[in-house]
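Structural characterization, general
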Amino acid sequence: MPWFTTDSPSRVINVALLGNGTVGKEVAQCITERHEELRARSGVAVQLAGVAVGEPSRHPEVPRSLLTTDPYSLATRADVDVVIEAMGGLDPAYPVVSSALESGRPVVTANKELVASYWSQLHKSAAAGHSDFRYEAAVAGAIPLVTPLRQSLSGDRISNFTGILNGTCNYILTAMDIHDQPFDAALQEAIDLGYAEADYARDVKGIDTADKAAILASLSFDTVVDRAAINCEGITNVSITDIRSARDRGHVIKLIASCQRPTHDDDNVPLEIDVRPTAIPRSHPLATVSGATNGIEIEAALAGNLLLCGPGAGGQPTASAILGDLFTVIRNTYA
Ligand SMILES: NC(=O)c1ccc[n+]([C@@H]2O[C@H](COP(=O)([O-])OP(=O)(O)OC[C@H]3O[C@@H](n4cnc5c(N)ncnc54)[C@H](OP(=O)(O)O)[C@@H]3O)[C@@H](O)[C@H]2O)c1
């Protein structure tokens, strides 16, 4: 049943889309091409109020009247109901997102760097503006992870998580393991397939994984993680020799993020978040997580061991998470 009565004309929800790259393009396409289906299901008519980009000439498929190079003005425009941020980076993303939240607009973002770096500030901005703030797409692409941690597992007590959180790194390590491919060739393939960040150094140096681990740790252990304090080692030093020697021992190398609840509930004991290439036995559940797939094992007191797997990168999987958040904020704010 739709959330709005269907005997009256559908309420129109104006969406400001910030960014029209790998992720933004898929979101724009779903909103425009599946408009009627989404309206029938939700009872609201979602439409693009504007699309902010860096260089308009790169976006001929978007009507010129919708394009702007000023994300701040678009996000805070009076007729905008919801903001979707898919630009990446911190500037202008941080001032734009915080202003939108403070002005009462719900924001959905895919930007893990932003969420991990400004966790407290953005949650304060959302509280100040009574705005819904959602970032399911920022961690592990299409895998529902943020919402389960915020809602389904909120009454449980998580003791630890171990995860493969970067599709690019996992794609590269899998190609090195299965096809004996050199690092550079595997990286190029990951870039060509749209898995890599615009700045792929963030992927291969483990920075992107550490951002996601910080978000997961904050949600899992109800704390604010100091992102700058996380030590991370990426996969740039993993050689084909390392891969082969792990294989000979029945192991596979994965970029693993892990975090454990401190044994004492003492605020002065910092969480230890570890991001590093790790050789795990082939029998480990995460060993079978291959290619751009992400996987995470969560251990909780009541639920036991949970394993969540799925596409962790790419335009469409990320758009799936964004659209889920979009309809959640519409339901929470406007239904
Ligand atoms: N790609 C993935 O698989 C994936 C998965 C999960 C999360 N994410 C996150 O999603 C976000 C977007 O990633 P992406 O891969 O879609 O990036 P992208 O392909 O580089 O697209 C970025 C978009 O933002 C626009 N942009 C950049 N700076 C801008 C500015 N100052 N003002 C207005 N527009 C600006 C760019 O415009 P121009 O094209 O005109 O330069 C482009 O359309 C990032 O935070 C990323 O971490 C990506």
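Residues numbered from 1 in each chain as written. Predicted model: local features only at pLDDT ≥ 70, side-chain atom pairs only at ≥ 80, totals over all residues. Heavy atoms only, no water.

Here we take up the site of the ligand. What surrounds the ligand is a group of 26 residues, the closest being Asn20, Glu55, Arg58, His59 and Gly314. Here an oxygen atom of the ligand sits 2.7 Å away from a polar atom, N or O, in the side chain of Arg58. With respect to the ligand, the side chain of Lys112 contributes an N or O atom lying 3.4 Å from an oxygen atom. When isolated, the ligand has an accessible area of 910 Å², and the protein chains bury 82% of it. (Near = heavy atom within 4 Å. Polar contact = N/O pair within 3.5 Å; in protein donor to acceptor, adjacent residues only side chain to side chain. Areas by Shrake-Rupley, 256 points an atom, 1.4 Å probe, with all protein chains shown as cover.)

In this section: the environment of Leu323. Among the structural elements, Leu323 can be located in helix H13 (residues 315–334). Among the residues examined, Leu323 registers a relative accessible area of 9% and is labelled buried. Sequence separation between Leu323 and Ala137 is 186 residues; the distance between their C-alpha atoms is 9.2 Å. Each residue touching Leu323, except ones within four places of it in the same chain, is listed here: Cys30, Ile31 and Arg34. (Helix = DSSP H or I, 4+ residues; strand = E, 2+ residues; numbered from the N terminus. Buried < 20%, exposed > 50% of the residue type's maximum accessible area, 1.4 Å probe, protein only. Contact = heavy atoms within 4.5 Å.)

Right, let's get into the side chain of Glu85. Locating Glu85 in the fold gives a position in strand S4 (residues 82–85). Buried within the structure, Glu85 lacks any salt-bridge partner; its nearest side chain of opposite charge belongs to Lys112, at an N-O separation of 10 Å. In this structure the side chain of Glu85 is engaged in a polar contact, spanning 2.7 Å, whose partner is the backbone nitrogen of Met87. Within the local environment of Glu85, its side chain forms a polar contact with the side chain of Thr109, the two groups lying 2.6 Å apart. Dropping the residues within four chain positions of it, Glu85 is found in contact with Leu18, Ala93, Val97, Val108, Thr109, Ala110, Asn111 and Leu114. (Lys, Arg positive; Asp, Glu negative; His and termini not counted. Salt bridge = Lys/Arg side-chain N within 4 Å of Asp/Glu carboxyl O.)

Helix length check: helix H8 (residues 167–179), at 13 residues, gives a terminal C-alpha distance of 17 Å against a target of 18 Å (1.5 Å per residue), a fit within 8%. Burial analysis of H8 places 11 of its 13 residues in the buried class, the great majority of the element. Those residues of H8 lying buried are Gly167, Thr168, Cys169, Asn170, Tyr171, Ile172, Leu173, Thr174, Ala175, Met176 and Asp177. Contacts from the buried residues of H8 go to strand S7 (158–164), helix H9 (183–192), helix H10 (201–204), helix H12 (240–248), strand S9 (251–260) and strand S11 (293–300). (Expected span 1.5 Å × (residues − 1).)

With numbering matched to this structure, UniProt assigns "domain: Aspartate/homoserine dehydrogenase NAD-binding" (unreviewed entry) to residues 19–136. Between the C-alpha atoms that bound residues 19–136 the distance is 17 Å, and the span itself is 44% helix and 17% strand. (UniProt positions renumbered as here; feature names shortened; annotations may be inferred.)

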